[in-house]
Amino acid sequence: MEKKALKLKSKTDAVKTLFNLPSTESVIQDYRCYLKGFMTVGRMSITQNYILWKSKLSAAQESIHFTKVKQIVQETAFFKTIVIQTDSSAYTFNGFMHYQETLYLLLYLWKHPVSYVTMDNIPDPTVTAKPAKPKRDADDLLSGGGYSGTGRTSTTTSVSAGYDGEEDQLLDVEVDVGASKEALRRALECRDISEATMAELALQGEVLDVMEHDVEKIHHDLDKGERHIRGCESIGGTIKNKVTHVSRGAHKDMHYIDRTIQVAEKVVIEEIDILQKLTNDDFIPAVLHLEPEGFSLLPAQHSLPATATPTPATTTSTASSPPPDKSKPADKSKSTAASTTPAKPKLTPYDTIHQIVVRARPQHVDIRFPANKGERMRMMTSYMQWVLCEFHKRAPTALIVFEPNAPRFEYEDPHLLERCATNRKTKSGAAGAVTAKGVDPLIKSAPSHLQAALLEQDRDLDEITDVIGDLHGMASAMTGTIDDQITQIERVTKRAEQANERMNVQGQRIDGML
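Criteria and thresholds
Residues numbered from 1 in each chain as written. Predicted model: local features only at pLDDT ≥ 70, side-chain atom pairs only at ≥ 80, totals over all residues. Heavy atoms only, no water. Helix = DSSP H or I, 4+ residues; strand = E, 2+ residues; numbered from the N terminus. Buried < 20%, exposed > 50% of the residue type's maximum accessible area, 1.4 Å probe, protein only. Contact = heavy atoms within 4.5 Å. Areas by Shrake-Rupley, 256 points an atom, 1.4 Å probe, with all protein chains shown as cover. Phe/Tyr/Trp six-rings, centres within 6.5 Å; stacked < 30°, edge-to-face > 60°. Axes fitted to C-alpha atoms, helices over the stretch in contact; angles between N-to-C directions. Parallel < 35°, antiparallel > 145°, perpendicular 65-115°, else oblique. Left-handed = near helix turned anticlockwise from the far one by under 90°. Nonpolar A, V, L, I, M, F, W, Y, C, P; charged D, E, K, R; others polar. Core = buried A, V, L, I, M, F, W, Y, C linked by side-chain atoms within 4.5 Å. Salt bridge = Lys/Arg side-chain N within 4 Å of Asp/Glu carboxyl O.

A look at the overall build of the chain
- Secondary structure summary: the chain contains ten helices and 18 strands in total.
- For the chain, buried positions account for 41% of its 514 residues.
- A sequence separation of at least 24 residues applies to 60% of the contacts in the chain between residues at least 6 apart.
- Of the roughly 28900 Å² of accessible surface on the chain, 55% is carried by carbon and sulfur atoms.

Here we look at the packing of aromatic side chains
- Inspection of the entire model under this criterion finds nine aromatic pairs.
- On the basis of an interplanar angle of 25 degrees and a centroid distance of 5.7 Å, the ring pair of Phe-295 and Tyr-350 is categorised as stacked. Note that Phe-295 is positioned in strand 12 (residues 294-299) and Tyr-350 in the loop between strand 14 (348-349) and strand 15 (355-358), a separation of 55 residues in sequence. Accessibility assignment for this pair places Phe-295 and Tyr-350 in one class, buried.

Here we look at the packing of helix 4 (residues 177-233) against helix 5 (residues 235-243)
- Helix 5 packs onto helix 4 with a crossing angle of 135 degrees between their chain directions and a minimal axis gap of 5 Å. Classified by the interaxial angle, the pair formed by helix 4 and helix 5 is oblique. Residues Arg-227, Arg-230 and Gly-231 of helix 4 form the contact with helix 5, whose participating residues are Gly-237, Thr-238, Lys-240 and Asn-241.

Observations regarding the packing of helix 4 against helix 10 (residues 448-513)
- Where helix 4 meets helix 10, the closest approach of the two axes is 7 Å, and the angle between their N-to-C directions is 15 degrees. The angle between the axes of helix 4 and helix 10 places the two elements in the roughly parallel class. Handedness of the crossing formed by helix 4 with helix 10: left-handed.
- Classifying every residue of the contact of helix 4 with helix 10 by side-chain character gives 28 nonpolar, twelve polar and 18 charged.

Some points on the nonpolar core
- Counting residues in each nonpolar core, the largest one holds 66 residues, and the members touching the most others are Leu-288, Phe-295, Ile-353 and Phe-391.
- Here the element with the most residues in this core is helix 2 (residues 99-111); it accounts for nine residues.
- In this structure Ile-353 touches Phe-295, Ile-367, Arg-368, Phe-369, Pro-370, Phe-391, Ala-395 and Ala-398, once residues within four positions along its chain are discounted.

Considerations on the pattern of salt bridges
- Evaluated as defined, the whole model comprises 23 salt bridges.
- Here Asp-13 ties to Lys-9 by a salt bridge, and the two come within 3.1 Å at their closest N and O atoms. One end of the pair, Asp-13, and the other, Lys-9, are both in helix 1 (residues 2-19), four residues apart, so they sit about a helical turn from each other.
- By relative accessible area, Lys-9 is classed as partly exposed at 40%.
- Linking Asp-30 and Lys-11 is a salt bridge whose minimum nitrogen-to-oxygen distance equals 3.2 Å. Here Asp-30, found in strand 1 (residues 27-35), pairs with Lys-11, found in helix 1; they are 19 residues apart in sequence, far enough to count as distant.
- For Lys-11, a relative accessible area of 28% gives the class partly exposed.

Structural measurements only, silent on function.
In C-alpha cells:
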C-alpha cells in the first residue's frame, strides 16, 4: 500500500512540475490515449480541477481547466471518442483502454467540483453557511431581522458585471431579496398560527378530560342513588343492598394527562453523488443514500440515455450525464416500472462499519466492515469532507483512518456539515446548468455583492422549505389529535345522554314513592 502511495505521489509531483500546477492539485487517475492533431500516443492526467495531456514522444501538451469546459461529447461512429469543448477550442481524445471509466470521471468532476471548507479560514463570511440557526418568527422579519451578521436591509440588488472573465459580456441582474423575505415572513406566520392552534388543541384536550371525568363521576353518583332508591322501594331491595357493595373502581380520582401535541421528528435523508468503484476498479455513477437507520449505494438517477445504434454517418451524442452500462441487459419492464413506486432501499446499519479509510489516491474513500476482512464499499467523491462529516455523525463507533500521503482535513466539527452544504452550492454546477447538488453558475461567477444577495435569497428559500416541512409535521400531528378528540367527544356525549336518561328514570321512581 505504501509503495502505491509513493508511486502516486511521484506521478503527481512530475505532473505538477510539468504543467506548473498549484500545490493543492493531485492526480486522481491517468489514462493512455491520443489527442487529435498529434500523431503520437500520450497520457491524460485528471486532477481535481484540470484535464492534462502530454505526448510521450514529443513536447506537445495541453491543459484544460474544468471551469472552461462548456460541453463533453462522446462520439461512437468509428472510434470511441471524447470531445471536450471550450469557448475557443475542441479537444478530441480517442484510443482509450478504459473509455467508459474515463468518461464517467470527466463528467463527474465537471459537474461536481471538489469541495472543502474550514472553520477558521472562510474568505467571505457572506458566502459561508448559515450558523446553527435560531428559530425565527414573523416578528423577526418585520423588525428587519435576518441571519445574524448579515446586516442587510436592502431588498433589491442590481449589478452590471463581467461573466466568465469576458469583459464584453455583461449581466444586468436584479435580485429581489424582498420577495423571498416576504414569502418567508408569511411562512413563519403560518407556523406561528399552527403552534398557537396546537396549544389550543392541547388545552381543549385537557378540558375534554375534565368533562369525561365529571360525566363518569355523575354515573358513579347515580349508582349510589340507585342503591338508595332500591332500598326505599322494597325490603328485597334493602336485602340486596346489604349483600352488594358499590364498586370503588367505578370512579377514580382525576388523573391528568399531558395533552401537549408532539410533532414527529423529521427524517433527514441525504443523497451524495459519487462514483462507485467496482471490484475490477471500474467506475460507475452512484448515489450515497443516507438515512437515520443506515445507508446504501443506489444507482445514479440521471443516467445518460442509451446511445442510438451508429449509422454510416457520424453519430454524436451530448453527454450531459454518464452513459449506461452496456454490459447489463436492457430492462424490458422500464415502461411499466416508471409508474410504480420505487422500493425502499436496503440499508446497511451504521454500527456495522469497522473503518472509514481515506485513501492516498485523491478523493477515494473505502468503507470497511469487520465481518469479512475483504468486504468493503469503495467510492470516489468530490464531497470527501461532506461524506466524512456525515459518517462521523451517524457512525460514531467507526474508526476514521487516513492512509500515508492522504490529505488531512477537518471533519469532526458538527458545524462543518452546514458549511459543506453552502460551499457545495457556490461551487457546483460547472456544467452550466442546475445539477443534482448544485445551483446555476451565476452565483459562483457573480461579483461579491450580487453573490451575497443571491445567497441570502437562497438561505431564505432553504428556510421556507424547512418551515413547510414543519407545517407538514404539525398538520399531521393536529390531524391525529383532532381525530382522537372527535372520538372522545362522541364518547362523552354518549355517556352524558346515558346519565340524563338514568336521572330521568330515577326521578320518576322517586315521584312514585312520594
